[in-house]
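Coordinates in review
One letter stands for each residue in the lines below.
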Protein chains: 2
Amino acid sequence: MDRPGHIFQRLLLIALLMVGLAGCQVFTPASPSQELMGTGDLGLIIERATGSVLVINTSGHNVLGRVEGLGDLSHASVVYSRDGRYGYVFGRDGGLTKVDLLTRTVADRVIQSGNSIGGAISQDGRFVAVSNYEPGGVKVFDSETLELVMDIPATYTGAEGKTVQSKTVGLVDAPGNRFVFSLFDAGEIWTLDMSAPEPAVRRFDAGDAPYDALITPDGRHYIAGLFGEDGLSMLDLWNPEQGVTEILPDYGKGEQKLPVYKMPHLEGWAIADGRAFFPAVGRHQVLAAKMDDWSLVDRIPVQGQPVFVMASPDNRQIWVSFAHPKNDVVQVIDSQSRKIIRTLEPGEAVLHMEFTPRGEEVWVSARDSNRVTVYSTRTLEPVATLDAEKPSGIFFTTRAHALGL
Amino acid sequence: MDRPGHIFQRLLLIALLMVGLAGCQVFTPASPSQELMGTGDLGLIIERATGSVLVINTSGHNVLGRVEGLGDLSHASVVYSRDGRYGYVFGRDGGLTKVDLLTRTVADRVIQSGNSIGGAISQDGRFVAVSNYEPGGVKVFDSETLELVMDIPATYTGAEGKTVQSKTVGLVDAPGNRFVFSLFDAGEIWTLDMSAPEPAVRRFDAGDAPYDALITPDGRHYIAGLFGEDGLSMLDLWNPEQGVTEILPDYGKGEQKLPVYKMPHLEGWAIADGRAFFPAVGRHQVLAAKMDDWSLVDRIPVQGQPVFVMASPDNRQIWVSFAHPKNDVVQVIDSQSRKIIRTLEPGEAVLHMEFTPRGEEVWVSARDSNRVTVYSTRTLEPVATLDAEKPSGIFFTTRAHALGL
């Protein structure tokens, strides 16, 4: 055997060995997006102006990649598959996009309405529901395929006796594989039970024009904010036969209200230590109420009109963001003393905050500074900053494991 | 250039291309365990007799693989890295094993003492601490490398004025990157702050012979059960200057006690809805206490001596397992009515239960039936069974994101 032939054989052997060793990997470039990794410390940051999302890692404080082509992401939110691999991004334009955080690609995308306002994933992870303004109603999709499973038009009898569709808001998941949402135009709260072979709707009369809602972390109390009247509508899902009750009847009332630049998000209420902390409407105050009888226990003065009022996972701190024009500041309240312990300046137009799951850090987006700042909750000092294009919402994969998020 | 030389060059190019394409993957065989997947729905089941663990998936109710060679796994427990990829398994023989759930291999393993009793991972995920019986004390390891970072001998002045090491128990993580543990022989509770450049220990006098402990889900109250006296020792970590206080002074007391086959696990206490549900000592009762003043509000009769008393994530149900000889039964209590709503028979020697993160299902291990049964919390009927070799503890990756687990 001549020498070149010998080398040929040896090289062929090496090449075959490499194919064997590399297996199916050989045809896929080993880019960072094929890397084996856990999904527990990942998250998405919405870049509203560019219709893109950043895939980030909270352990390394770094951006893993950008996924583009998600449409209009103003007021966008995200829920996660139960394995933490896929984020379902609800866009304002009715787009529902399934993002693969591991490959950093769009896994699937449907335009499911003309105008949507958020969504939820069922307790068992099988269904993704979207809340629509235009044409109204709720649509439910298979989380695996994004195929339409159910269309709930959310109809009611309108002004002239006609059957019309209502805008839906405040859509959340609840225990028992249920969805709960409010009908803005009809003034109702509906539950949708996805566990039965024939999913069943139950309707409850609520207050006038619910505009947003929250569910408590244990999935028991669903609370809707009202645009048309003072107070809030609450449904106890442990005792639905009691119907909707009114709580905090003075919420929203008051003389000499400040201009309300933004209706407070109800997802931005903090439930901590048997107390609810939430933004006063049109006032520079954070309110604290006892959750057993909803009596107001404190009014904490803050520097502007609060938007998000969020408790750290250990309930020790309450972080508050603000409405325009005082929205370049975040204030931190000690939940025990109920005093402000720090005023931070993360940048211009602070839009959202997200705590790491065990609360050692919090990520804060400043839209007009194109920046996300990570703070230590212990020192209240920044530990990292990341560049982002007009960042708004920040959503970590641990939401996959929480009720009502 | 001659032909063989040309071929040589081409083959070299192909070989180099393959190395380039396959990247570092080239030396690792592409088995199913190289599959890209989220880690949010994974978990480990301890197989105590065979020193192995099963890697399972809660979405598919299936076993992904078995990892062997973990030593003595009686009384073993698991904590997770913040990305959910690695489980740290604390064996009884002092072994600390880092298991990679994605590749299903032992990533690293150290024998760090003669006899250990559990451990914890710090809030920031950087440190893994292990609680030792033999020779006593606590050892802290780098979670990445398993290198020893700190050795806390946990010494005290013994009977004859000698400095001796104490067995340590009830080791948990707490907010502020702290560990908290109890000294069985010294009757003390220690906190270890890992956030400072020089980690600092604080000592607190506690009751006689703490044998186990828990921390409340918000990481505020550390509660140790006592072997040497009635009552429990509680440390409020928000107000450590107040020192350890005694709660439930009658806990453990009583005439005509039943034989205690097993001291109740304090990790098996349920904190739900501002109430603590926990096993009575030596009685066929689950006790319920208010958490603000620790007054006893109910004694719920059950069929045997309870061991684990666990609340579903929505706080709606309390699941109870039992000590020998009535340990082939699990009872489910409605937390609102505090009545038993179902008695289940998952198999012989039920050892552990673990809820899926949003609580739609619960996994129950029956050691002597070599079986794990998955129940729906809605129907209380089994939805799947899995074969396992003498299964004991079940630990899902969502523990990565909870304080004190």
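Rules of the game
Along every chain, residues carry numbers that run from 1 in the direction the sequence is written. Note on labels: chains are lettered from A, ligands numbered from 1, in written order. Reporting of local features is limited, given that this is a predicted model, to residues whose pLDDT is at least 70; pairs of side-chain atoms are given and counted only at 80 or more, and all residues count toward the totals for whole chains, interfaces and linings. Hydrogens and waters are ignored; side-chain quantities use all the structure's heavy atoms. Note on aromatic pairs: the rings of Phe, Tyr and Trp (six-membered ring only in Trp) are paired at centre separations within 6.5 Å, and the planes decide the class, stacked below 30 degrees, edge-to-face beyond 60, tilted for the rest. The numbering of helices and of strands both runs from the N terminus, where a helix is a DSSP run of H or I of at least 4 residues and a strand a run of E of at least 2. The classification of residues rests on relative accessible area computed with a 1.4 Å probe and restricted to protein chains. Under 20% of the type maximum is buried, over 50% is exposed, and intermediate values are partly exposed. Charge over a ring is defined by NZ of Lys or CZ of Arg lying within 6 Å of the ring centre and within 35 degrees of the ring normal. By the convention used here, strands pair only if DSSP detects at least 2 bridges between them. Here an angle of 0 to 180 degrees is reported between the N-to-C directions of two axes, which are lines fitted to C-alpha atoms, with helices fitted over the stretch in contact. The term salt bridge refers to a pairing of a side-chain nitrogen on Lys or Arg with a carboxyl oxygen on Asp or Glu at a separation within 4 Å.

The name given to chain A in an unreviewed UniProt entry is Protein NirF, with Marinobacter pelagius as the source organism.

This brings us to the packing of aromatic side chains. Two descriptors summarise a pair of aromatic rings, namely the distance from one centre to the other and the angle between the planes of the rings. Summed over all chains, the structure comprises 16 aromatic pairs over all chains. Geometrically, the ring pair formed by Phe184 of chain A and Phe227 of chain A is tilted, given 6.4 Å between the ring centres and 50° between the ring planes. Highlighted residues: Phe184 of chain A in the loop between strand S15 (178-183) and strand S16 (188-193) and Phe227 of chain A in the loop between strand S19 (221-226) and strand S20 (232-236), separated in sequence by 43 residues. Looking at Phe184 of chain A, the relative accessible area reads 24%, which means it is partly exposed. Measuring from centroid to centroid gives 4.1 Å for Trp269 of chain A and Phe278 of chain A, while their planes differ by 10°, and the two rings are stacked. Cluster of aromatic residues (ring-pair linked, three or more members): Tyr251, Trp269 and Phe278 of chain A. Above the plane of the ring of Tyr86 of chain A lies Lys98 of chain A, whose end atom (NZ or CZ) is 4.5 Å from the centre. Sitting over the ring of Trp238 of chain A, Arg316 of chain B keeps its end group 4.5 Å from the ring centre.

Attention now moves to the sheet that holds strand S26 (residues 306-311) of chain A. Residue and element names in this part refer to chain A. What the 4 strands build is an open sheet, ordered S26-S27-S28-S29; its pairing is antiparallel. Lying at the two open borders of the sheet, with one neighbouring strand each, are S26 and strand S29 (340-344). Averaged over neighbouring strand pairs, the angle between their axes works out to 20° when direction is ignored. Where S26 and strand S27 (residues 317-322) come together, 4 bridges link them in antiparallel fashion.

Residues and elements named next belong to chain A. Taking burial as the measure, the 6 residues of strand S30 (residues 350-355) include 6 buried ones, the bulk of the element. As defined by bridge partners, S30 adjoins strand S31 (residues 361-366) across 5 bridges and the pair is classed as antiparallel. Bridging from a neighbouring strand, Phe355 pairs with Val362 of S31. Connecting the antiparallel pair S30 and S31 is a turn made up of 5 residues, with Gly359 showing a positive phi of about 85°.

What follows deals with the pattern of salt bridges. By the definition in use, this model includes 24 salt bridges over all chains. For Asp368 of chain A, the salt bridge is made with Lys390 of chain A, and the minimal N-O distance between the two is 4.0 Å. With Asp368 of chain A in the loop between S31 and strand S32 (371-376) and Lys390 of chain A in the loop between strand S33 (382-387) and strand S34 (391-396), this pair connects stretches of sequence that are 22 residues apart. Relative accessible area serves as the criterion here: at 29%, Lys390 of chain A is assigned to the partly exposed category. Between Arg109 of chain B and Asp93 of chain B there is a salt bridge, with its nearest N and O atoms 3.9 Å apart. Remark: Asp93 of chain B occurs in the loop between strand S5 (86-90) and strand S6 (95-100) and Arg109 of chain B occurs in strand S7 (residues 105-111); sequence separation between them is 16 residues. Here Asp93 of chain B falls in the partly exposed class, since its relative accessible area comes to 23%. Salt bridges sharing partners connect three or more residues here, namely Arg367, Asp368 and Lys390 of chain A.

Okay, the sheet that holds strand S11 (residues 148-152) of chain B next. Residue and element names in this part refer to chain B. The 4 strands are arranged S8-S9-S10-S11 in an open sheet whose pairing can be described as antiparallel. Strands with a single pairing partner mark the edges of an open sheet, and in this sheet they are strand S8 (115-121) and S11. Between one strand axis and the next, the sheet turns by 20° as a mean value, whatever way the strands run. Relative to S11, strand S10 (residues 138-142) runs antiparallel, the two being bridged by 4 bridges. In the sheet register, Phe141 faces S11, and the bridge partner there is Leu148.

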